[in-house]
Every structure is written in structure tokens, then in C-alpha cells.
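Each chain, written out:
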Amino acid sequence: MTTVQWLETPCRQGVSWGVPWPRGTVAEGTSFALADGTPVQSWTTATWPDGSIKWSAHAIGPSAQPESSYELVTGSPATPDQPVQVDRSGDEVRVTTGDVTWVLKAPQLIASIQYGDQTVVRDVRLVSLRQDAPDEDLSRTRQQTTAVVDNLIVEQDGPVRSVVRLEGKHGDWLPFSVRLYFYAGATDVRVVHSFIWDGDPDRDFLAGLGLSADVVMRDEPHNRHIRLAGPSGFLTEAVRGLTGLRRDPGEAVRRTQVAGRMVEEIPNPEVSDRLHLIPQWNDYTLDQTSADGFTLRKRTGRDHAWVTIPSGTRSPGYGYVGGASGGLGFGLRDFWKLHPTRLDIRDAATDLATATVWMWSPSAPAMDVRYWHDGMDQDSYAEQLEGLEITYEDYEPGFGNAHGIARTHELTLRVHDTTPSADELAEHAALLNSPGLLTVAPARLLEAGVFGSWSLPTADDQDIEARLNFLFQYYVSQREQRRWYGFWDYGDVMHTYDRDRHTWRYDVGGYAWDNSELSPDLWLWYQYLRTGRADVFRFAEAMTRHTGEVDVHHLGRWKGLGSRHNVQHWGCSCKQARISNAIYRRFYYYLTADERTGDLMDELATVEETYLVVDPQRKVRPDTYAPDPHALSVELGVDWGALAAAWLTRWERHGDERARARLVGTMADIAALRYGFLTGNARLDLSTGRFDTSRRTIAVSHLSSLFGLPEICSELIDLDLDVPGFEKAWLDYCRLYLLPPEQQAAEVGQPLQGISLVQAHSRLAAYAAARTGDAELARLAWRKFFVDEGDQLNRNALQREAEWKTTAIDGCLMPIDEAAFVSTNGAAQYALAAIQNLSLIPEHRNDRGGTAWKTAQRSPGEQS
């Protein structure tokens with residue numbers, strides 16, 4: 001039925017992925033198989049309104065020789081030779097993946113791991129350090145806590161894949177969830193850890209957060225091996241080294257030890273008789289304090305000094321501790337990108353070593369999430385709006401609190417019955433950081449009819465394609481040159497550039513971290529859909545992980561809402577669903593079947609209720625509105641678009657009738673409004689999920705359609721939900737927005753106010769032109785997309801810049817390549833407009849009824 005291929009190179013570990021299906025082609029309950037007989041496990045992640053499968057998810061186990069591609073067909077799937085077995089008895093769950101048995105039992109994560117008849121690992125647990133004062137306070141104290149598992153849920157039980165979710169707290173704070181992913185025949189488990197910060201920012205400072213495991217050490221000290229990954233290989237050591245000694249144990253002995261094999265005997269008695277005089281190195285630490293460097297050290301014991309080891313730059317974050325008869329591989333994905341991180345090995349010279357992967361290194365200053373400035377006495381809305389005028393910061397006392405933000409990390413534990421070779425270790429580290437993914441080709445994604453209006457690149461549009469590529473590559477280079485890495489920061493990009501300082505405005509209010517402003521998430525995912533490029537996917541993946549976790553509050557009064565762009569990801573007082581928007585998460589969820597992303601979208605099931613807690617328009621309202629559960633003010637652009645995305649996703653994933661009713665009902669209500677989407681906002685009754693349709697005003701915002709509204713409306717119209725008038729309401733908005741004021745007034749009685757960002761809105765005109773066949777509107781869309789010199793609303797730096805290129809700048813903090821005309825608002829909306837215009841009205845690209853556009857169609861120059 002369809003071919004799936006690897007996103008990158010064929011992968012030998014277990015993998016899960018998603019496949020879309022055209023509407024009505026695959027009935028719910030259909031069984032899937034792989035044509036070559038590879039065992040596969042399948043489940044449905046979304047359905048079309050007619051009940052047919054929209055997205056299916058699939059999993060295969062590890063393979064010594066994976067195929068370059070697989071043919072997914074209907075039929076009965078093959079069964080693995082060693083299927084995953086899940087047995088639950090009381091509060092204990094035993095998972096068997098073949099040779100390895102994992103025993104899960106509260107309060108630990110994993111009580112034991114057994115390879116064959118031998119116990120290799122005991123007591124896998126989460127650990128944390130809590131500090132009661134910031135680092136500058138020398139009276140601070142630290143308390144170490146072992147997390148407690150309160151709940152254990154088997155979400156899937158094989159035969160190819162099993163998923164177990166564990167929930168609890170790190171002591172009396174930091175709620176967490178951990179998913180453990182097991183595959184048939186695998187010796188590793190994927191660990192996805194998510195926690196929510198719920199402390200008091202003035203007295204709770206996280207000083208360490210890690211995953212620890214005890215490893216049984218059975219071998220002689222010289223047959224115990226330590227491996228810690230550097231950028232090009234591994235630190236390769238033994239607890240008791242036999243190389244470099246004054247007396248030579250023999251070349252065969254030295255080579256055997258370095259290779260990690262068992263040294264059976266040492267023929268030179270000058271060495272064998274003096275083994276007790278060779279130091280045993282008990283403890284090792286690799287500390288990644290920044291994106292640019294790690295330090296290494298080891299010691300013989302807790303009461304002795306550390307000895308430094310040559311350090312390095314960027315560690316892949318993978319290690320091994322054990323002996324020639326078995327041990328544990330462990331690691332953290334994106335280790336150096338998520339700094340400060342650390343790998344510890346302790347007590348390797350004893351019978352029970354401990355390996356710890358630190359997601360926040362105890363060596364680093366304690367995590368400080370206090371608000372970044374004192375507010376400068378902006379106590380009234382008037383003062384706060386004045387502050388907004390100068391620094392673009394939407395400040396409000398108490399709203400810069402990090403309470404409820406989250407972070408997800410992906411880790412791995414892999415048990416061995418012997419020390420792995422250098423090649424095996426390198427493969428395991430690579431798989432950790434670029435886990436395998438199967439996917440269908442872009443043409444097949446397009447054929448399925450998912451995600452609205454987009455198309456494949458063509459040879460006719462190489463100038464625009466070159467600019468799309470320029471923008472993507474520029475952000476890749478900026479992430480590297482500006483070091484957009486770190487525990488809370490990795491995955492996000494900056495909002496606006498400061499050409500005078502040759503830096504992004506990292507310290508200027510709302511110009512700093514972007515927090516999904518104007519939908520860079522959508523730009524990246526649509527660019528991946530149409531190109532299938534792995535580098536685009538990985539960039540979008542990192543952004544999705546970040547924006548869905550860090551930029552959103554998952555607990556407390558703002559639960560379900562995100563924070564607008566700011567110096568700190570949580571700092572802005574504008575808390576809205578436009579940032580937590582499900583439309584930004586759906587791509588990653590459906591392409592990967594990632595359960596954590598599903599959790600984030602489930603959090604939005606009733607997100608409309610948050611409008612009772614905080615009114616997004618409270619500072620600028622001319623009236624005396626107060627949130628009323630029977631008349632909640634909802635903006636029909638950024639608010640309703642986010643609500644619609646959440647309701648649609650909930651309905652297609654879970655068959656939730658409440659979500660369907662609210663989605664279809666509010667669509668009907670928008671159609672019933674006299675001015676449809678032009679009305680600007682409407683009042684929602686939470687008890688019925690319906691809008692009051694009596695409003696007769698017109699209020700258009702330039703931001704209304706820039707947070708996923710065109711994309712979700714396109715999807716809803718394609719679904720043909722039998723909502724009379726909804727498509728017309730949307731097409732009227734799309735058509736009128738860029739028309740001359742006199743034409744707007746002729747149709748609705750007044751010209752529309754607040755019209756700007758014309759290039760971004762060209763895709764609305766394009767959509768209306770494509771749906772109605774209006775050639776003149778299509779020509780208008782292309783004129784607005786390119787430079788229209790007669791348009792006084794054209795203030796887009798990207799449009800004004802004839803040649804897109806970077807300029808090398810030296811003499812700054814670091815050498816950089818800058819394109820000062822690029823902002824994330826402009827880049828994201830240029831890309832989305834380009835992608836959708838090329839999809840909707842390609843035939844009119846060279847027929848625009850004017851000539852001014854020609855000055856802007858030059859391809860980007862080479863980056864200097």
C-alpha cells in the first residue's frame with residue numbers, strides 16, 4: 001500500500017513512526033503488515049470524520065541488517081521470534097524483551113535489569129538536588145532527594161513494542177512522568193523524562209537533576225572498563241590500568257584490555273605479582289558546562305583529590321561502565337546542546353558501581369528562574385503599556401513566574417553481557433542523538449491530503465526555493481554562531497536583530513526569545529513536509545520539544561497557556577493559547593507517534609476555560625469587561641484558531657464528541673455573525689460551547705491570522721464538515737483584507753483598520769483566489785508577496801532587500817555572519833506565504849498586472 005523509508009540512514013534499533021492515509025481509503029480496524037515479513041505493531045492515532053483511518057502508527061524491533069525501505073501493506077502482521085512480554089503482579093511489572101528482563105516496581109523506576117541469568121543493573125532511580133538560596137548566598141544548603149514513583153501504567157504491551165508510563169514527584173516538588181519504551185529483541189530501553197517546575201522561584205533552586213543506576217561489578221578491577229564519549233571517540237580506560245606501567249604486561253594483554261575483552265592471565269610476573277600496587281580508579285566525571293567544552297576528571301576515592309584528564313569540546317553524552325562479563329551503556333540525547341549536563345561513574349572499584357546521567361549538572365550554578373528584572377515600578381496597566389512602547393516587554397507584576405513550565409529529556413539505558421567494542425559504542429552514541437525514523441516520501445504525504453495547503457517544490461520556482469533554503473540555513477548558522485543552546489533555551493530562536501550591536505536583541509524585552517511568535521514552528525514543519533529533508537526535521541523537532549514544554553505553563557492558574565516572546569521564555573504577562581497552540585505539535589505527533597507530544601495536546605482539551613482566569617485583552621480594553629463563564633471574550637483569530645486546533649486534534653485522536661460539538665458549533669456561529677471573521681471577537685458560553693452571534697461590529701487585527709488560523713481553516717474546509725456559511729466567512733476575510741480601502745468600504749460599509757504585514761497576508765488572498773477562481777485576486781496576492789512599490793503598507797525588510805546574503809562580521813564577541821534584514825517574524829511569514837502561494841496559485845506567478853515585483857525576484861547570493 002505504501003513505502004516507508006529512513007529519514008536518515010538505516011537504523012538497527014527499534015523504531016516507531018506514523019503514516020497518513022487519504023480519506024476513506026483505510027477502514028478503522030484494518031490490520032497492517034510489512035511485505036518482507038518483518039514483525040510490525042500498529043495502532044491508530046487519528047481518524048477522518050467518516051471513521052476511516054487518517055494516521056496510523058507502527059513499530060518494528062531492532063534488526064542486525066535493516067532494510068533500506070519497507071512496504072507497508074494490509075494483512076496479518078508477523079510475530080517476533082522474541083515478542084515483548086509484559087506481566088503485572090500487584091505493584092510489579094516484569095517486561096521481557098528476549099534475553100533481557102526489566103523489573104519495574106515503585107518507588108524506583110526500574111528495580112532490576114537482568115541479561116540472561118545474570119543481574120546487571122539494580123535500582124534505576126531519579127535523583128535531584130534542591131537548594132534553598134541562590135549561589136551568591138553562601139549560607140545555601142543542598143538536599144539530595146530520590147524521586148518516588150506513585151503510579152505505573154502499561155500503555156502498550158507488545159508484541160513488538162511496550163510502553164510503560166511512571167508518574168511521581170522529585171521529593172515534595174517537581175512532578176514528573178517517565179515513559180519507558182521496550183522493543184522485541186532489544187537490549188536497550190528508551191527513557192523519556194518530563195518534569196514540571198513548581199517551586200517558589202525565590203527559595204527553590206534546582207542544583208541537580210539526574211537518572212542513576214547501580215551496576216553490578218563482578219570482574220577483576222583490570223577487567224572493569226570505563227567509556228565516556230568525546231566528539232570523535234571515547235575515553236577508553238580500565239579501573240585498574242595495565243598500560244603505561246613501568247613493567248610491561250605484554251602487548252597481547254595491553255591490546256586485550258584496551259579492546260574491552262577479558263584479560264585471562266598476565267604472563268609477566270613482574271606485573272601480575274604487583275597488581276595490588278596499581279591504583280584503582282573509582283570515580284569518573286565528564287562535565288559539559290557549556291556548548292563549547294567539557295572537562296574530565298577521575299579519582300581513586302571520595303577522600304582523595306581529583307586528577308584531571310585532557311578535556312574536549314562537545315560530548316555526545318554517552319558512557320559505559322561494567323566489566324568484560326557485562327555492564328551498562330547510558331546516555332542523554334542532545335547532551336551538549338542541553339548544557340549544563342554531566343556523566344558520573346562512582347564506586348567502579350567496588351562491587352556496585354553507580355552511573356548517573358545528570359540533566360542538570362551539580363557542578364553548575366543552581367538553576368535560577370527568578371524574574372529577570374524588578375519591574376521598575378510598572379504597577380498600573382498604563383505604565384506597563386508605556387514600557388511596552390520602549391522595550392516591547394509586556395510586563396505585569398507576578399506574571400514572570402516560571403511556575404508550571406516543563407522540560408523533556410530523552411535518555412537511554414542499554415545492558416551488555418560483555419564490554420562493547422569501539423564501533424558498537426560509536427553506533428549507540430549516534431543512535432542516541434539521531435534516533436531512527438521511518439517516514440513516507442513528501443509526495444505520499446501530499447497525496448494523503450493532510451495539513452492543509454502545501455505542494456512539492458518545482459523547477460519553475462528556484463528563486464523562491466533558494467530564498468526558503470537561505471532562511472533555513474541562516475537560522476541553522478545563527479543557532480551555532482550565537483550558541484542558542486542550553487537547558488531552557490535549546491530549540492528556540494531569537495525574535496529580532498540589533499544591527500548596531502551585531503547581535504540578536506537577547507536582552508530587550510519582547511524582542512528576545514521568539515516563543516513561536518508568528519509561527520516559525522509551522523514554517524519549519526511545512527518545509528519538511530514538502531522536502532523530506534532530515535536537517536529540517538531535526539530543527540523542527542527541537543523547536544517542538546522546546547516550545548511545547550518550556551514556553552507553556554502545565555500547572556497552576558495559567559495551565560494550558562503559553563507566554564509571549566521575552567528575555568525569559570516565561571517572562572511575558574501575555575499568557576495565551578496562541579503559544580500553546582496544538583497546531584504547532586500535530587506534525588511531530590503524527591509523524592512520530594510521540595506520546596509525550598500527545599500529552600501536551602491533551603492538556604488543551606478544555607483550554608477555553610483558561611479565559612476565565614486571564615483576559616488576554618485586559619490592558620487595552622476600552623470597556624469594563626470582566627471574564628464571565630457565559631460570555632467569555634474570544635478573539636476570532638489567535639484565540640479561536642488555537643481552540644479549533646485543540647478541538648480538532650482531540651476529536652480526530654480520541655473521538656471526543658464534546659470537542660467535535662464545540663468545533664462545529666463555533667464554526668456555525670462564526671458563519672452566523674453578520675461580519676463573520678471580520679467581527680474580531682465574540683462571546684463564548686462555556687456551558688454550551690457556543691458563541692453569541694448578535695455582535696455587529698468590525699475589528700480586524702494584523703495578528704489574527706498569523707498563528708495558524710489560515711492553516712487550520714484550510715484543514716477544516718477540506719474536511720467538509722457540513723457547516724453552511726463557514727467557508728464563505730473565511731473567504732470574505734481572506735479576500736477583503738488586502739483589497740483597497742474603497743472596495744472594503746463598498747462591501748462592509750467601512751474600510752478595514754489595522755491592515756499591515758501585507759506579504760504574510762498574501763496567502764489569504766491566494767486561498768480565496770484558488771477557491772473562487774478569481775484571477776485578479778490571485779494577481780493581487782502575488783503583487784503583495786513581492787515588492788509592491790506603490791503600497792504604503794509595505795514595511796517588510798525582506799521585501800525591500802533585493803539580494804539576500806550574509807555579511808561576515810569580525811571584531812564582535814565572536815566572528816559571525818549576519819543578515820541584518822532578517823527577523824523571525826518576517827522569515828516565518830515569508831516562508832508560509834511562499835509555500836502556500838506556490839501551492840494555491842502557481843499559474844498566476846508570472847501574471848501580476850504590474851512590473852514593480854520584478855525588482856525582488858533575484859535569487860539569494862552566496863553566503864559570504
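Residues numbered from 1 in each chain as written. Predicted model: local features only at pLDDT ≥ 70, side-chain atom pairs only at ≥ 80, totals over all residues. Heavy atoms only, no water.

**A closer look at the pairing of strand β17 (residues 205–216)**
Rules: Using a 1.4 Å probe on the protein chains alone, a residue whose accessible area is under 20% of its type maximum counts as buried, one over 50% counts as exposed, and one in between counts as partly exposed. Under the scheme used here, helices are H or I runs from DSSP no shorter than 4 residues and strands are E runs no shorter than 2 residues, and both carry numbers assigned from the N terminus. Whether two strands pair comes down to DSSP finding at least two bridges between them.
With respect to burial, β17 is a largely interior element, 12 of its 12 residues being buried. Pairing between strand β11 (residues 118–131) and β17: 9 bridges, direction antiparallel. Within β17, the residue paired with S128 across the bridge is L209. Bridge count for β17 against strand β26 (residues 352–360) is 8 bridges, and the pairing is antiparallel. Each residue of the ladder has a partner; that of D214, found in β26, is T354.

**Observations regarding the sheet that holds strand β4 (residues 41–47)**
Strand pairing within a sheet occurs via backbone hydrogen bonds; the two strands may be parallel or antiparallel. Filter applied, for reference: As a rule, the C-alpha atoms of each element are fitted with a line to give its axis, helices using only the stretch in contact, and angles between N-to-C directions run from 0 to 180 degrees. In what follows, residue pairs with any heavy atoms lying within 4.5 Å of each other are defined as contacts.
If you walk across this open sheet you meet the 3 strands as β2-β5-β4, and the pairing is antiparallel. Looking along the sheet, the strands with just one partner apiece sit at the ends: β2 (15–20) and β4. Within this sheet the neighbouring strands show an average axis-to-axis angle of 25°, counted without direction. Two strands pair when backbone bridges link them, and β2 and strand β5 (residues 53–60) are joined in this way by 6 bridges, in the antiparallel orientation. Within β5, the residue paired with V15 across the bridge is I60. In this fold helix α12 (residues 638–654) packs onto β4 and β5, with an angle of close to 140° to the strand it touches most, β4.

**Topic: the environment of W6**
The condition that has to hold: Residues adjacent in sequence count toward polar contacts only when both atoms are side-chain atoms; beyond that, a polar contact is any pair of N or O atoms within 3.5 Å, and within protein one must be able to donate a hydrogen and the other to accept it.
With respect to the secondary-structure elements, W6 resides in strand β1 (residues 2–6). As a C-alpha pair, W6 and S519 span 513 residues in sequence and 27 Å in three-dimensional space. Here W6 is in contact with C11, V15, P66, E67, S68, Y70, G436, L437 and L438, once residues within four sequence places are set aside. A polar contact of 2.7 Å, which involves the side chain of W6, links it to the backbone oxygen of E67.

**Structural notes on the packing of α12 against helix α14 (residues 709–719)**
Stated formally: The cut-offs work like this: below 35 degrees is roughly parallel, past 145 is roughly antiparallel, 65 to 115 is roughly perpendicular, and the gaps in between are oblique. Whether a crossing is left-handed or right-handed is set by the direction in which the near helix is turned from the far one by less than a right angle, anticlockwise for left-handed and clockwise for right-handed. As a working rule, the residues Ala, Val, Leu, Ile, Met, Phe, Trp, Tyr, Cys and Pro are called nonpolar, Asp, Glu, Lys and Arg charged, and the rest polar, with Gly in that last group.
Viewed as axis vectors pointing N to C, α12 and α14 meet at an angle of 45°, and their least axial separation amounts to 9 Å. When the axes of α12 and α14 are compared, the pair comes out oblique. The two elements α12 and α14 meet at a crossing, and its hand is left-handed. Across from W640, G641, A644, A645 and L648 in α12, the residues of α14 making contact are L709, I712, C713, E715, L716 and L719. Residue composition of the contact of α12 with α14, by class: 9 nonpolar, 1 polar and 1 charged.

**So, helix α8 (residues 534–549)**
Where we set the bar: Expected span of a helix, by definition, is 1.5 Å for each gap between consecutive residues, and there is one gap fewer than residues.
The terminal C-alpha atoms of α8 lie 23 Å apart, and with 16 residues this matches the ideal 22 Å at 1.5 Å per residue to within 8%. Counting buried positions along α8 gives 15 out of 16 residues, so the element sits mostly inside the fold.

**Things to note about the pairing of strand β23 (residues 318–323)**
Along any regular strand, the residues point their side chains to alternate faces of the sheet. Buried residues dominate β23, accounting for 6 of its 6 residues. The two faces of β23 match: Y318, Y320 and G322 on one face and G319, V321 and G323 on the other face are all buried. Note that strand β18 (residues 224–229) and β23 share 5 bridges and pair antiparallel. Counterpart to I226 in the pairing with β23 is V321. Relative to strand β24 (residues 326–332), β23 is paired through 6 bridges, and the arrangement is antiparallel.

**Describing the environment of R299**
Along the chain, R299 falls in strand β21 (residues 293–299). Spatially, the C-alpha atom of R299 lies 6.2 Å from that of N282, the residues being 17 residues apart in sequence. A polar atom in the side chain of R299 sits 2.6 Å from the side chain of D283.

Worth remembering: the numbers are spatial, not functional.
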